[in-house]
2 protein chains.
Amino acid sequence: MHPIPPGTRDVLPDEMLELRSITERLRGTFESAGYGEVWTPLLEYEEVLRTGDEAAAGAGYRMFDEGGQVLALRSDMTIPIGRLVATRLADTGEPLRLCYVAHAYRAVGHGSGQQSEFLQAGLELIGVEGEDGEAEVIELTLAALDAAGLARHRIGLGDGALYRTLLADLEVPPHRHGDLLERLSMRDLVGLELLVDGLGLARDARDMLVALPALRGGAEIFDQVDGPARGALEGLRTLHAALADRGVADRVILDLGLVRTLGYYTGAVYEVYDPAVGFTLGGGGRYDELIGRFGAPRPACGIALDVQRVHIAQAAEEGLR
Amino acid sequence: MHPIPPGTRDVLPDEMLELRSITERLRGTFESAGYGEVWTPLLEYEEVLRTGDEAAAGAGYRMFDEGGQVLALRSDMTIPIGRLVATRLADTGEPLRLCYVAHAYRAVGHGSGQQSEFLQAGLELIGVEGEDGEAEVIELTLAALDAAGLARHRIGLGDGALYRTLLADLEVPPHRHGDLLERLSMRDLVGLELLVDGLGLARDARDMLVALPALRGGAEIFDQVDGPARGALEGLRTLHAALADRGVADRVILDLGLVRTLGYYTGAVYEVYDPAVGFTLGGGGRYDELIGRFGAPRPACGIALDVQRVHIAQAAEEGLR
């Protein structure tokens, strides 16, 4: 009787109040730190989204406008904000701090059990290079979730470029990178090992490619790495030191196997966890090339939180107390 | 360079803060009066929207899902809330007071200059019949706009069924109603007069059909009507008295030519004006049959405000001060 599309839901007043309390606290934290809220249209030309990231554009709902052009529902806010920054905000030389509370959409099939409509709260820091930018975003994410009532949340921190850099350093042919990175992004370390074994590498190189993605923990993991990987980890080491300076390193879990699937990440990548629930609450990373696809290049990093998941984690934490 | 679809816009932080200040005040007023905020999915099955109102479903962006069913972006919140009330909230015998702050979408052509993406703040009062319901909605709308910083706003009040009732009473053949109501909804009183002249009615009846839609003002207009129209105005007269009891009748302009175009209105209809701007800020009315199309019938009325237009009116009022 009068169904709603798969992956969507009606939200009644009691839950709505709780969700709004979360979005107001997240946004309040972002705004206090100088992040200004923006809105971009729900519908974008698919070609524009595709300019930002091929895979992201394909993930969304699509339709034709009356002139035959393909429109798509945004599947995240990072690409539209990249477009906005490269067009209307291109003349701003200073760093830009932008945030949003908005829905994003991904087409899902019947019975998949996946959400298709996501309420996201996120931020984008544009024009700040390297660990200063990332440390600010990570610290602010932790603080925003503190404000939203979580107590046990942690940030998983990896380097989205690390494995690609190592594969290039080891002269693994580029056409074999895709399968390896796919196994890695699925956290399928057994499948990854099988593929690495098939590469015909020297023992040391083979062991490094297999062992590295399993390294997870605090700064001690840097001591467990030597050889060519040591140099490739320099960025992550610097960032970890910056996080220690800000007093939040103990809430960050280094994870050398972490790879986010979106194609626009170029450096550090993060995911948000809460031990009370078995799913990530959000994620992000550095995307220094995205804005340049729309105009003048600018370094940038950001993060998006799934508000409904934050809400579930909040309830789960309360249940544990 | 990287255009956005016609009728949409990016909103930058300064404006966003102002829009949010308006939505928070509108919602604050609604919630203080016992209205609970709800969210419904942006995408609905077109067939479901069509169950609510044929024309509303056709107004929106449409696409196919992977199973070949047609999805549509909601073109208002009243129909989705009607669906929600008739399904998940069907067991509630008591009146329901629901509100929302959400975007609605209508497909527009290139160069039409019309908006396709609307931020609406609105409310729906379900289960309260007659003038009590309408007076509550009108009083609350005035108060919400007071809170949002407007001072000169007025409500135009008409009866969406009035002209149809008169045409039926005068035995005008039903196939001629459509053209007449269309002229009326366009406020084309000259075109209306030409059509009425072609109906071959007696002089009195002809004069009434021509003169009535031009009547606009306070309670004095009731004295300017006699004959069959007098009885048809009884509902509006009772409502005006209820508004006087609530002390807001002087902010309401009776308008016997007011017809809202949406097909689901069954009684009183309202529009919100501000003399500082030349467009309506929103509108609504009574829709006693909509919920019954999804399940058990319940009387209902509501109103939706266009937040961006309220913002423009607010700035225009400040300019006049």
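Residues numbered from 1 in each chain as written. Chains lettered and ligands numbered in written order. Predicted model: local features only at pLDDT ≥ 70, side-chain atom pairs only at ≥ 80, totals over all residues. Heavy atoms only, no water.

Can you explain the overall build of chain A? Please cite residues and give values.
Summing up its helical and strand segments, chain A has 12 helices and 12 strands in all. Over its C-alpha atoms chain A spans a radius of gyration of 20 Å, differing by no more than 12% from the 20 Å that the globule rule assigns to 321 residues. Its C-alpha atoms put chain A at 60 × 55 × 50 Å along the principal axes. Out of the 321 residues belonging to chain A, those deemed buried represent 55%. (Helix = DSSP H or I, 4+ residues; strand = E, 2+ residues; numbered from the N terminus. Rg over C-alpha atoms; globule rule 2.2 N^0.38 Å. Buried < 20%, exposed > 50% of the residue type's maximum accessible area, 1.4 Å probe, protein only.)

Please give an account of the pairing of strand E9 (residues 252-255) of chain B that cites residues and values.
Residues and elements named next belong to chain B. Pairing analysis gives three bridges linking strand E7 (residues 154-159) to E9, with the strands arranged parallel. Looking across to E9, one finds that Ile155 is bridged to Val252. Looking at chain direction, strand E8 (residues 216-217) and E9 are connected through two bridges and run antiparallel. Within the sheet, the bridge partner assigned to Arg216 lies in E9 and is Asp255. (Pairing = 2+ DSSP bridges.)

Describe in detail the packing of aromatic side chains, supporting the description with residues and values.
Aromatic ring pairs are reported here in terms of the distance separating the ring centres and the angle at which the planes meet. Tallying each qualifying case throughout the model produces four aromatic pairs over all chains. Between Tyr264 of chain A and Tyr287 of chain A, the ring centres sit 5.8 Å apart and the planes meet at 65 degrees, which makes this aromatic pair edge-to-face. Of this pair, Tyr264 of chain A sits in the loop between strand E9 (252-255) and strand E10 (268-273) while Tyr287 of chain A is found in the loop between strand E11 (282-286) and strand E12 (300-306), placing the two residues 23 residues apart along the sequence. What makes Tyr287 of chain A buried here is its relative accessible area of 2%. Taken together, Tyr264, Tyr265 and Tyr287 of chain A form an aromatic cluster joined through their ring pairs. Lying across the ring of Trp39 of chain A, Arg74 of chain A places its NZ or CZ 4.7 Å from the centre. In this structure, Arg106 of chain B is placed above the aromatic ring of Phe118 of chain B, and the distance from its NZ or CZ to the ring centre is 4.8 Å. (Phe/Tyr/Trp six-rings, centres within 6.5 Å; stacked < 30°, edge-to-face > 60°. Lys NZ or Arg CZ within 6 Å of the ring centre and 35° of its normal.)

A description of the relation of the copies chain B and chain A should follow, citing residues and the corresponding values.
Of the transformation placing chain B onto chain A, the axial shift is 0.0 Å and the rotation is 180 degrees, giving an RMSD of 0.0 Å. The symmetry that links the two subunits is that of a two-fold axis. Of every C-alpha in chain B, the one belonging to Met63 of chain B sits nearest the axis of rotation, 2.6 Å from it. A shared binding surface is used by both copies, with 100% of the interface residues of chain B retained as interface residues in chain A. (Least-squares fit on C-alpha atoms with pLDDT ≥ 70 in both. Contact = heavy atoms within 4.5 Å.)

Requested: an account of the interface of chain B and chain A, with residues and values cited.
Listed per partner, the contact involves 52 residues of chain B and 52 residues of chain A. In total, about 4,400 Å² of surface goes out of reach between chain B and chain A, with carbon and sulfur atoms giving 62% of it. It is His2, Asp10 and Trp39 of chain B in chain B that bury the most area against chain A; as a group they hold 16% of the surface buried on that side. At the junction of chain B and chain A, the tally comes to six salt bridges. Taken together, the links from chain B to chain A amount to 16 residue pairs in polar contact (both at pLDDT 80 or more). Counting residues per element, the ones that place at least two in the side of chain B that touches chain A are helix H1 (13-32), strand E1 (36-37), strand E2 (43-45), helix H2 (46-52), strand E3 (62-64), strand E4 (70-73), helix H4 (78-87) and strand E5 (96-105) of chain B. Broken down by class, the residue content of the side of chain B that touches chain A amounts to 27 nonpolar, 10 polar and 15 charged. (Buried area = accessible area lost by both parts, 1.4 Å probe. Salt bridge = Lys/Arg side-chain N within 4 Å of Asp/Glu carboxyl O. Polar contact = N/O pair within 3.5 Å; in protein donor to acceptor, adjacent residues only side chain to side chain. Nonpolar A, V, L, I, M, F, W, Y, C, P; charged D, E, K, R; others polar.)

Describe helix H9 (residues 203-211) of chain A, with residues and values.
Here H9 of chain A has its buried residues at Ala205, Arg206, Met208, Leu209 and Val210 of chain A. The inward-facing, buried residues of H9 of chain A contact helix H6 (162-169), helix H8 (189-197) and helix H10 (228-232) of chain A.

Please provide a residue-by-residue account of the pattern of salt bridges, values included.
Under the defined criterion, the tally for this structure stands at 48 salt bridges over all chains. Across the salt bridge formed by Arg20 of chain A and Glu37 of chain B, the nearest N and O atoms sit 2.5 Å from each other. Note that Arg20 of chain A is positioned in helix H1 (residues 13-32) and Glu37 of chain B in strand E1, a pairing that runs across two chains. Each member of the pair, Arg20 of chain A together with Glu37 of chain B, is buried. Via salt bridges that share partners, Arg20 and Glu24 of chain A together with Arg27, Glu31 and Glu37 of chain B belong to a single interconnected network.

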